[in-house]
Amino acid sequence: MKRIFALLFCLLFTGCASMGGDSMTLSPAQLTQKEEQMVQLLTPNQGILLDFAADEQLKSLSVSIKELDGTQWVSVGGGSYGLEDSSGRIALQFDLLDEGLRTAIQTKNYFVSSNNFKPEKSDREGLAWGSTILSDSVPLEYETEIPVAIQAFTTGSFYSTGVSAYYEPEQLAERGYTKVLALTITFSTQQLT
């Protein structure tokens, strides 16, 4: 009887462990109306509030600003943060990505806030710009960049796009934008040294 119970326990545990992988997500934070009003009051610039849920393997995350150079993404700034918890909230505040970014990360046992990465500011005279931000929950996979915002500068028309356009840089390049920037997050099982 003990063997049957042990076998059932192992099957349940294995099933639950594999289902846990499905719950590894990055998603827009679900705020109450009062919280939403507070965010709007405190952040006049564009901002993104994201909730993340991973597993115990999560050790760090990196936030990067990338610039589209032809059809390749090139890093122009970034920061990395060590983590001790597997879930939490990320706040990213910016107006124009080429002016920098404020990052804040909160978990059960950790809080950090930094003003960081000021890429070289470009001349934007005569340029219009538009942004798109992550609006749906996405799977969290380790060592894989997840785009959370794309910002394009142009003298022409801005074509509406989703953040998934990050994975198709050729299509963004064909639109003739003067400059395209992306904001990405990478979750990692590697500890920072």
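Structure first, text after, so check above.
Residues numbered from 1 in each chain as written. Predicted model: local features only at pLDDT ≥ 70, side-chain atom pairs only at ≥ 80, totals over all residues. Heavy atoms only, no water.

**Q** Mind showing me how you'd approach unusual backbone geometry here?
**A** Most peptide bonds take the trans form, and the phi angle of most residues other than glycine is negative. With a phi angle near 60 degrees, Glu 143 is a residue other than glycine that sits in the positive phi range. By the element assignment, Glu 143 lies in the loop between strand S9 (138-139) and strand S10 (145-154). Look at Glu 143 and you get partly exposed, because its relative accessible area is 44%. (Helix = DSSP H or I, 4+ residues; strand = E, 2+ residues; numbered from the N terminus. Buried < 20%, exposed > 50% of the residue type's maximum accessible area, 1.4 Å probe, protein only.)

**Q** For this particular structure, what's the right way to read the sheet that holds strand S4 (residues 72-82)?
**A** Spatially, the 5 strands line up as an open sheet ordered S4-S3-S11-S10-S8, and their pairing is antiparallel. Each of the sheet's edge strands pairs with one partner strand only, and the pair in question is S4 and strand S8 (128-133). The sheet shows a mean angle of 15 degrees between the axes of neighbouring strands, direction not considered. Sheet analysis places strand S3 (residues 60-69) next to strand S11 (residues 179-188), joined by 8 bridges and oriented antiparallel. In the strand pairing of S11, Ser 64 is matched with Thr 184. (Pairing = 2+ DSSP bridges. Axes fitted to C-alpha atoms, helices over the stretch in contact; angles between N-to-C directions.)

**Q** Looking at this structure, how should I read the nonpolar core?
**A** The nonpolar side chains of a soluble globular protein tend to be buried, and buried together. Core analysis: the biggest nonpolar cluster contains 32 residues, and Leu 26, Ile 90, Leu 92, Leu 183, Ile 185 and Phe 187 have the highest contact counts within it. The set of elements that each furnish at least two residues to this core consists of strand S2 (46-53), S3, strand S5 (87-94), strand S6 (101-107), S10 and S11. Each residue touching Ile 185, except ones within four places of it in the same chain, is listed here: Leu 26, Leu 50, Leu 61, Ser 62, Val 63, Ile 90, Leu 92, Thr 144, Glu 145, Ile 146 and Val 148. Ranked by size, the runner-up nonpolar core spans 10 residues in total, among them Leu 68, Trp 73, Ala 152 and Val 180. (Core = buried A, V, L, I, M, F, W, Y, C linked by side-chain atoms within 4.5 Å. Contact = heavy atoms within 4.5 Å.)

**Q** Quick question: what am I supposed to make of the packing of aromatic side chains here?
**A** The geometry of an aromatic ring pair comes down to the distance between the two centres and the angle between the two planes. The final tally for this structure, using the stated rule, is 3 aromatic pairs. Note on Phe 52 and Phe 187: the rings are 5.5 Å apart at their centroids and 45 degrees apart in plane angle, and the pair reads as tilted. Taken together, the residues span a long stretch of sequence, with Phe 52 in strand S2 and Phe 187 in strand S11 at a distance of 135 residues. Neither residue differs from the other here; Phe 52 and Phe 187 are each classed as buried. Taken together, a centroid distance of 4.7 Å and an interplanar angle of 20 degrees make the contact between Trp 73 and Tyr 166 stacked. Residue Trp 73 is located in strand S4, and its partner Tyr 166 is located in the loop between S10 and helix H3 (169-174); the two are separated by 93 residues in the primary sequence. Overall, Tyr 166 belongs to the buried group, its relative accessible area being 6%. By way of ring pairs, the aromatic residues Trp 73, Tyr 166 and Tyr 167 are connected into one cluster. (Phe/Tyr/Trp six-rings, centres within 6.5 Å; stacked < 30°, edge-to-face > 60°.)

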